[in-house]
Amino acid sequence: MAASITTPPLVDIQNLSKSFGQGDGRVDALKHIDLQVYAGQVVGLLGPSGSGKSTLLNVIGCILEPSSGRVALDGQVVYDGRWLQKDLRRLRLDRIGFIFQFHNLLPFLNVLENVAVVLEIAGAGTGPARQRALELLQYLQVEHRREVMPSSLSGGEAQRVAIARALANRPRIILADEPTAALDSERAGVVMDLLRKVAAEQGAAVLVVTHDEKIFDRFDQMFYLRDGMLADIDGPHTRSKDVAERR
Amino acid sequence: MNLALRDIRHNLGRFVLTCLGLSLLLGLVLSMIGIYRGLVEEALSLSRTPRADLWVVEAGKRGPFAESSRIPGDTREVIASLSRVAAAGSLTYQSVEALRSGGKLRLYVVGYEPGRPGGPENVTAGRTMGRSHYEMLADVKSGLVLGEQVRLGRNVFTVVGLTRDQVSSGGDPVAYLMLQDAQRLQFELEPPVARREAERGAPPATTDVVNAVVARVAPGTAPGQLVEAVGRWKHLTALSQSAQEDVLTKSVVDKSRRQIGLFTVILLAVSSVIIALILYTMTMDKVREIATLKLIGAPDATIIGLIIQEAVAMAVIGFSLGALLINLAKDFFPRRVILLPGDGLALAVVVLVLCVLASGMGVRLALKIEPAVALGG
Ligand SMILES: Nc1ncnc2c1ncn2[C@@H]1O[C@H](COP(=O)(O)OP(=O)(O)O)[C@@H](O)[C@H]1O
Ligand SMILES: [Mg+2]
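Everything numeric in this text was worked out from a predicted model, so none of it was measured.

Definitions and limits used
- Residues numbered from 1 in each chain as written.
- Chains lettered and ligands numbered in written order.
- Predicted model: local features only at pLDDT ≥ 70, side-chain atom pairs only at ≥ 80, totals over all residues.
- Heavy atoms only, no water.
- Near = heavy atom within 4 Å.
- Polar contact = N/O pair within 3.5 Å; in protein donor to acceptor, adjacent residues only side chain to side chain.
- Helix = DSSP H or I, 4+ residues; strand = E, 2+ residues; numbered from the N terminus.
- Nonpolar A, V, L, I, M, F, W, Y, C, P; charged D, E, K, R; others polar.
- Pairing = 2+ DSSP bridges.
- Axes fitted to C-alpha atoms, helices over the stretch in contact; angles between N-to-C directions.
- Contact = heavy atoms within 4.5 Å.
- Left-handed = near helix turned anticlockwise from the far one by under 90°.
- Disulfide = S-S within 2.5 Å.
- Buried < 20%, exposed > 50% of the residue type's maximum accessible area, 1.4 Å probe, protein only.
- Core = buried A, V, L, I, M, F, W, Y, C linked by side-chain atoms within 4.5 Å.
- Domains from an automatic or database assignment.
- Buried area = accessible area lost by both parts, 1.4 Å probe.
- Salt bridge = Lys/Arg side-chain N within 4 Å of Asp/Glu carboxyl O.

A. The arrangement of the site of ligand 1 in detail. Residue and element names in this part refer to chain A. The local shell around ligand 1 consists of Phe20, Val27, Ala29, Pro48, Ser49, Gly50, Ser51, Gly52, Lys53, Ser54 and Thr55. In this structure, an oxygen atom belonging to ligand 1 sits 2.7 Å away from a main-chain N or O atom of glycine 50. Threonine 55 is positioned with one of its side-chain polar atoms (N or O) 2.5 Å from an oxygen atom of ligand 1. Secondary-structure elements contributing two or more residues to the shell around ligand 1 are β2 (27-37) and α2 (53-60). Across the shell around ligand 1, the residue classes tally to four nonpolar, six polar and one charged.

B. Local environment of the sheet that holds strand β4 (residues 68-73) of chain A. Residues and elements named next belong to chain A. Here we have four strands laid out as an open sheet, ordered β2-β1-β4-β5, and antiparallel in their pairing. Because the sheet does not close on itself, it has two edges, and the strands there are β2 and β5 (76-80). The mean inter-strand angle of the sheet, taken between neighbouring strand axes irrespective of direction, is 20°. The sheet contact formed by strand β1 (residues 11-20) and β4 spans five bridges and is antiparallel. The residue of β4 that forms the bridge with valine 11 is leucine 73. Contacts from α2 reach β1, β2 and β4 within the one sheet, and its direction differs from that of β2 by about 60°. Along the sheet, helix α3 (residues 88-95) contacts β4 and β5; its crossing angle with β5, the most-contacted strand, is approximately 140°.

C. Broad picture of the packing of helix α2 (residues 12-48) of chain B against helix α7 (residues 241-252) of chain B. All names here are of chain B. At a closest axis distance of 10 Å, the pairing of α2 and α7 adopts a crossing angle of 145°. For α2 against α7, the interelement crossing comes out right-handed. Contact with α2, carried on its side by Val40, Ala43, Leu44, Ser47 and Arg48, involves Gln241, Gln244, Glu245, Leu248 and Thr249 of α7 and no other residues of that element. Residues that form the contact of α2 with α7 fall into these classes: four nonpolar, four polar and two charged.

D. A look at the state of the cysteines. Residues and elements named next belong to chain B. All told, the structure shown has zero disulfides over all chains when counted by the stated rule. Cysteine 19 carries a free sulfur, and the closest cysteine sulfur to it, the one in cysteine 355, is 9.3 Å from it. Owing to a relative accessible area of 1%, cysteine 19 belongs among the buried residues under this scheme. Judged by its relative accessible area of 0%, cysteine 355 falls in the buried class.

E. A look at the nonpolar core. Ranked by size, the top nonpolar core spans 97 residues in total, and within it Leu35(A), Leu56(A), Ile60(A), Leu73(A) and Leu293(B) carry the most contacts. For this core, the leading source of residues is helix α4 (residues 111-121) of chain A, giving eight residues. Discounting residues that sit within four places of it in the chain, Leu56(A) has contacts with Leu16(A), Leu30(A), Ile33(A), Leu35(A), Leu45(A) and Leu225(A). By size, the runner-up hydrophobic cluster in this structure holds 52 residues, among which are Leu22(B), Val174(B), Ala212(B) and Ala315(B).

F. Structural view of the domain arrangement of chain B. Residues and elements named next belong to chain B. Segmentation of chain B into domains returns domain 1 (3-43 + 255-375) and domain 2 (49-252). Inter-centroid distance (C-alpha atoms) of domain 1 to domain 2 is 48 Å. Contact with domain 1, which involves seven residues of that partner, is made by ten residues of domain 2. Summed over both partners, the interface of domain 1 with domain 2 buries about 740 Å², with 46% contributed by carbon and sulfur atoms. Here domain 1 is connected to domain 2 by one salt bridge. If you look at where domain 1 meets domain 2, you find two residue pairs in polar contact (both at pLDDT 80 or more). Here the side of domain 1 that touches domain 2 gets three residues from one element, more than from any other, and that element is α2. Classifying every residue of the side of domain 1 that touches domain 2 by side-chain character gives three nonpolar, one polar and three charged.

G. Structural context of helix α1 (residues 3-10) of chain B. What α1(B) keeps buried is the set Leu3(B), Ala4(B), Arg6(B), Asp7(B) and Ile8(B). Where the residues of α1(B) are buried, they touch α4 of chain A together with α2, α9 (287-295) and α10 (300-329) of chain B.

H. Main features of the interface of chain A and chain B. Tallying the contact residues gives 22 residues for chain A and 23 residues for chain B. A combined buried area of about 2,200 Å² lies between chain A and chain B, and 66% of that area is made up of carbon and sulfur atoms. Connecting chain A to chain B are two salt bridges. The shortest N-O distance in the salt bridge between Arg6(B) and Glu113(A) comes to 2.5 Å. Broken down by secondary-structure element, the contributors of at least two residues to the side of chain A that touches chain B are α3 and α4 of chain A. Residue contributions to the side of chain A that touches chain B peak at six residues, all from α4(A). Of the residues assigned to the side of chain A that touches chain B, the class counts are 15 nonpolar, two polar and five charged.

As structure tokens, this is what we get:
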């Protein structure tokens, strides 16, 4: 992992703030956040409910517009006081993979189609899209459920399909919001190992929001959010095992 | 991968039900247009049966359908003797009520001269009129059957042939009688006072009165020339066939046409509102899915395509089903319903355009959905 220090970060957040509403009802969800995540890193984002974790993830994913600051993804400045990229959806499609607590699979597509659809939207032909989707489902060990509709999947299966979808376009940035909240500890471990594998094999930056102490040992680095402010729990690239021991 | 198709398949029951409802609505619109066409066709059918070029009626009248007209029975000979007339025939028209198996049967009686212009070209059952008295050709709509005997006035008539699509502008089935039988019937059914006057020798001294004479002109002759020639007789007026049809559509069916036209427009307006509402709610129900699509990076074209394709599918299925339905039901209408391919096509285009326009509301909603909506539990 030493190499990642010398390469520019895949996620580079500087002095980022985000507030909702105005006047008395104003909520400062994020206050002057600085955060870097490098290729191959799996980073945990912890903090109490309402501390701004999801907001931070959604800002990085270009789903929410920041109030101020600077966001650079994969070497490209996306936001600097205003959006600098015209086509944020294309950016998401090509560079960012999302995994949510609620899997957000499209209910009218079967498992295989749910994965293939993002490939087709990105421009792949029907055949290659199916092929790649099938490979991903195999990789995540849910290919036996490929013809099934999402409503009949178990929580763990649905989450794995959602991960397959997030990985489909080989994104360099993977954002996961409580991906293991609905899973038992064994399944949670499997999901985290998988994310580690993707980070290592694809050189992706993985950012995981979680409450889940069971998976703390799977992170390279953890950040703690409180009242919209970020604190580094331990130095960069410390093995997460050390974190677990110290606690 | 076609998202619209898959979404439809996923909510198939609801989609089919929606299409069914829409098809009933569009079937209604189609039937209104068909009823209108039928009305015009029925109004014109009587005037078209003689395949005449010229109608000769009482002076100053636009008869015999729009206004009453009485002219002497020998008018036919006079007209036939004109050099440019190929053939002419006398006609009488009147509404009668006959008793039939306990109920009343309204008939529109046409008296004509077999062998001369005026009667139906052919019959669908039985035979055409012979030369003997008390025979009748009846339209199948009357419910009369071959060989059935019907009392009209003082005489009993036998149905010897059946015709099709012969009705008055009021929708009553037509019964054809030989001219003399029809004239006698007209005389018998006149008010008693007039009849007594007539019997005392006051004019008209004869029962030889007809309502119109139709003529076919010699090849190469314009009916207009004859209209002028006939007009020189003070007691007669002539109308060309096209003038006659004009009178019929203007005076006889014009109000009904406007009535039906307005109703059709209202139905179409109601349909568009309903279609718009359906498409809007269909989009509302997909807010989360649309947000998810945006979240994973789908461009607006994909989302608009999804909505418009479903709208078009609904339009096509709804319309086709409606057209099928009305085609199956049209013979059960008491009056003629005529479905012209052109009308169907025009409505199909209108419905398609309506659906695409109406989906605009849904599209606007869809474009406003924030991708973050997908994240809400
Ligand atoms: N769309 C929004 N509008 C207004 N306030 C919001 C919105 N989203 C989040 N917030 C507020 O921002 C703060 C951080 O929320 P969130 O990022 O969801 O926290 P977490 O994910 O850590 O539980 C909370 O106080 C929340 O109420
Ligand atoms: Mg959250």
